[in-house]
Structures are given as C-alpha cells and as structure tokens.
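Observations on the three-dimensional arrangement
Each chain, letter by letter, is given below.
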Amino acid sequence: MSKAGVWAVVAAFFFGIVGSILTFVPPQNLVQIGLGFGRHNDRVLIGVLALIIAVVCVYKLLTLVWEYKVPRKHSKKKK
Amino acid sequence: MDQQHLWRSLAFAIVVTLAMNALDMLYHVATNTAVHLHYVAVKATVIFATVLLIAVIVGRGRTPGIVTSILGPVAFYIYYTVATPTLDRSLFTLDEAVWYVVVHAIALGIAYWLMQSQIVKNKERLPFAVLVSLAALPLYWGWLMELVKLTGGLDEQTTTVMTFGTALLVLVILFVLVYLATLLPRSWWPGILAGVAFGIVGLLFRVTLIDAGARVLVVAVPYLLTYFLWGEK
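What to know about the overall build of chain B
Scanning chain B from terminus to terminus reveals nine helices and zero strands. Taken from the N to the C terminus, the helices and strands of chain B come in the order α-α-α-α-α-α-α-α-α. Here the C-alpha atoms of chain B give a radius of gyration of 17 Å, agreeing with the 17 Å that 2.2 N^0.38 yields for 233 residues. Overall, the C-alpha framework of chain B stretches about 50 × 45 × 30 Å when taken along its three principal axes. The buried share of chain B, reckoned over its 233 residues, is 44%. Across chain B, the fraction of contacts at a sequence separation of at least 24, relative to all contacts at a separation of at least 6, is 75%.

Here it is, written out as structure tokens:
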C-alpha cells in the first residue's frame, strides 16, 4: 500500500473514533472520562468535523484502491 | 501539496458553501421555516469543511461533487439531531425532518455543479453572475442578522430580518449589478465597482456608512473569489 493509503487508514481510524466519542457519547459520561471541555454543542461540532475527516479519508482510500485496480488509461500522444 | 491547489480549493469551498446557503435560506423563507443565525453558521461550517476537505484530499469533479453533496447534509443532520437546541423549537420550525437532508443535498449539488461545470470549465457570464449573486446573498443576510444581535436583539428576532419577497428582491439587485460588472473588461475591479454600487443603493435607502461599507464587501468578496477560479479548467 502506498504512503498516502497508510496515512488515510490511520487518519480514518483516529478521527472516526474521536468523532464518534465526541458526537455520540452522552455529555455526563464525557465529563467522567475527562473530555468535558467547552459546551455540549461545541463538542458535537468538533466531533462531526472529525467524522467528516474520517469519511473523507475512507473516500481517499477507496479512490487509491480503485486507481490501483483500474490504472488510468494514458492518452496516445500524436507523433 | 501544491500551494495553488490549496488556495483554489479554499476559494472554491467558500463560494460553493455561500451559494448553497443562499438556496437553502430561500427555501426556508419560502416554506415558512426559520432562518436562524446559529444554525446558518453551523451549517456553513460543516458544509465548508466537507467541500474543502474533499476538494483538497480527493479533488474536484463529478464523483467528488456527488459525495460532497451527500456527506455535507448528512453530517449537518447528525449535528442537528445530537446538539442541544438553541432556539425554542415549539415556536420555530427548523430542519427537523429527514427531508431536509435531500433539500440541502440538492442545494449543494446545484451550487457545486454551477461552480465546477459552468464557471471553472467555461467562461460564461450568466452562470458567473448567478453564482456570485447567490454567494453574496447569505453574506448580506448574515450581516443583517448580526446587526440585530449587535443592537441587542434576541435570537428569535434575527429570524425575521428577511421575507421571501425581500430576499428575492435583493437577489435580483445583486444579479443585475454583478451581470453588469461582467460586461466590463474582464478583471477584478468590476467586482469592487459592483460592490460600491450596492453600497450606494443602500445609501439611497438611508443606511449608515458602516452598513454601506459592509455591502461593498458582500459583493466584492464572492466576486473576487469566483473570478480567481473563472475559466481555470
């Protein structure tokens, strides 16, 4: 796998987990585990943005896999 | 990564987000749903992040456009359902229904298509004027809502700054000014000129000088950003 692919996998996992925790874990539980910064809505917004990054990384990974499986056709150069 | 690619993606994301918000805000006032400053700001942030990230990391085109049009509205819907309401939803109808994901997706799809297929790939005047006037509308609308807040108004009062009729009238004025600017020699300065003209229109209706200055920026900023990408290919 290319370097970009490895980065995409790592970032997708990291931002996916962080985003899911900040978005979907109830506020009381977040405070208990020491993630009670800011207001609830701020945490949700940061979580949603992290989830967007995760999905975009997965999308990038899919495009890399697709390009690997189906190489782009190079246009024939006119002599 | 190419620095020019980053700047172009940034300009692209800003204009597409603003144009999408304009279409969405028009739909809201046409269907008697509240346009609330807080949600407009969050919606713009989420959509902007989606458009920018996909444009920078994956690229621009038909498939990235479709993915952007779906991901942005879904992400906003997740925020909307999880976050604590900032407006009394028993009094104001907002984007509660799942149907709004489709509305937002269509609005974003139209804005993305206008920008990518009609402005970046072509050099037509009409789509340019349509997109710039659409992008200028939420800036102007947001400025009016912010004015209400700055003068001590409540969140609820910001929802009533524009009706569908006034929004449409402002959009027509913006469109005419921008289209006339595109008839001038192709450069950045007609955008400033269109902004000044919009400021003068405001002064005729006895707005303050600061308000008129804001109106200049409202037109000039989207014009310059879109001009940066006009006919890029």
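We are not done yet, so read on.
A closer look at the overall build of chain A
For chain A, the helix and strand inventory stands at three helices and zero strands. Along chain A, helices (α) and strands (β) appear in the sequence α-α-α when read from the amino end. Within chain A, counting contacts between residues at least 6 apart in sequence, those at least 24 apart form 85% of the total.

Details of the interface of chain B and chain A
Contacts between the two partners involve 16 residues from chain B and, on the opposite side, 16 residues from chain A. Elements supplying a minimum of two residues to the side of chain B that touches chain A: helix 2 (37–58) and helix 3 (62–82) of chain B. Counting residues per element, the side of chain B that touches chain A draws most heavily on helix 2 of chain B, which supplies eight residues. Counted by class, the side of chain B that touches chain A contains 14 nonpolar, two polar and no charged residues.

Some points on the environment of V130 of chain B
Residues and elements named next belong to chain B. Mapping V130 onto the fold places it in helix 5 (residues 125–150). On a C-alpha basis, the gap between V130 and V176 in space is 9.4 Å, while along the polypeptide they are 46 residues apart. Other than its neighbours up to four places away in sequence, V130 contacts L114 and F175.

A closer look at the packing of helix 5 of chain B against helix 9 (residues 209–229) of chain B
All names here are of chain B. For the pair helix 5 and helix 9, interaxial distance at closest approach is 9 Å and the crossing angle is 140 degrees. Every pair of crossing elements has a handedness; the one defined by helix 5 and helix 9 is right-handed. Contact residues: helix 5 offers F128, L131, V132, A135, A136, L139, Y140 and W143, while helix 9 offers A214, R215, V218, V219, V221, P222, Y223 and T226. Here the contact of helix 5 with helix 9 is built from residues that sort into 14 nonpolar, one polar and one charged.

Some words on the packing of helix 1 (residues 3–30) of chain B against helix 4 (residues 99–120) of chain B
The description of two packed helices rests on the angle between their axes and on the distance between the axes. Residue and element names in this part refer to chain B. Two elements in contact, helix 1 and helix 4, have axes separated by 8 Å at closest approach and are oriented at 135 degrees. Taken together, helix 1 and helix 4 sit at an angle that is classed as oblique. Handedness of the helix 1/helix 4 crossing: right-handed. In contact with F12, V15, V16, A19, M20, L23, D24 and Y27 of helix 1, helix 4 contributes V103, H104, A107, L108, I110, A111, Y112, L114 and M115. Residue composition of the contact of helix 1 with helix 4, grouped by class: 15 nonpolar, one polar and one charged.

Quick word on the confidence of the model for chain A
Residue-level pLDDT values for chain A average 86, and 86% of them are 70 or greater. Taken element by element, the predicted model of chain A shows its lowest mean pLDDT in helix 2 (residues 27–32) of chain A (86) and its highest in helix 1 (residues 3–24) of chain A (92).

As for the nonpolar core
Counting 85 residues, the largest nonpolar core has I52 of chain A together with A19 and Y79 of chain B as the members making the most contacts within it. Not counting chain neighbours up to four residues away, the residues in contact with Y79 of chain B comprise V44, L45 and V48 of chain A together with V42 and V46 of chain B.

A few points about the confidence of the model for chain B
Scored by pLDDT, chain B comes out at a mean of 88, with 94% of its residues at no less than 70. If you check the scores for this complex, the pTM reads 0.89 and the ipTM reads 0.86.

Looking at helix 1 of chain B
Here helix 1 of chain B is 28 residues long and its end C-alpha atoms lie 41 Å apart, about the 40 Å a rise of 1.5 Å per residue gives. At the exit of helix 1 of chain B stands N32 of chain B, carrying a positive phi of roughly 55 degrees.

Comments concerning the environment of L184 of chain B
Residue and element names in this part refer to chain B. Here L184 is to be found in the loop between helix 7 (164–183) and helix 8 (189–204). In this structure L184 comes out as exposed when scored by C-beta crowding, with 12 C-beta atoms within 10 Å. When the C-alpha atoms of L184 and T166 are compared, they prove to be 28 Å apart, with 18 residues separating the residues in sequence.

Quick look at the environment of G165 of chain B
Residues and elements named next belong to chain B. As for its placement among the helices and strands, G165 is situated in helix 7. Accessibility expressed as a C-beta count within 10 Å gives 9 for G165, which makes it exposed. In this structure the C-alpha to C-alpha distance between G165 and L137, which are 28 residues apart in sequence, comes to 13 Å.

Things to note about helix 3 of chain B
The end-to-end C-alpha separation of helix 3 of chain B is 31 Å, in line with the 30 Å expected for 21 residues at 1.5 Å each. Every buried residue of helix 3 of chain B is accounted for by P64, G65, T68, S69, L71, G72, P73, A75, F76, I78, Y79 and Y80 of chain B. Next to the buried residues of helix 3 of chain B lie helix 1 and helix 3 (40–69) of chain A together with helix 2 and helix 4 of chain B.

Cut-off values and rules
Residues numbered from 1 in each chain as written. Chains lettered and ligands numbered in written order. Predicted model: local features only at pLDDT ≥ 70, side-chain atom pairs only at ≥ 80, totals over all residues. Helix = DSSP H or I, 4+ residues; strand = E, 2+ residues; numbered from the N terminus. Rg over C-alpha atoms; globule rule 2.2 N^0.38 Å. Buried ≥ 20, exposed ≤ 12 C-beta atoms within 10 Å, placed from the backbone. Contact = placed C-beta atoms within 7 Å. Nonpolar A, V, L, I, M, F, W, Y, C, P; charged D, E, K, R; others polar. Axes fitted to C-alpha atoms, helices over the stretch in contact; angles between N-to-C directions. Left-handed = near helix turned anticlockwise from the far one by under 90°. Parallel < 35°, antiparallel > 145°, perpendicular 65-115°, else oblique. pLDDT = per-residue confidence, 0-100. Core = buried A, V, L, I, M, F, W, Y, C linked by C-beta atoms within 7 Å. Expected span 1.5 Å × (residues − 1).

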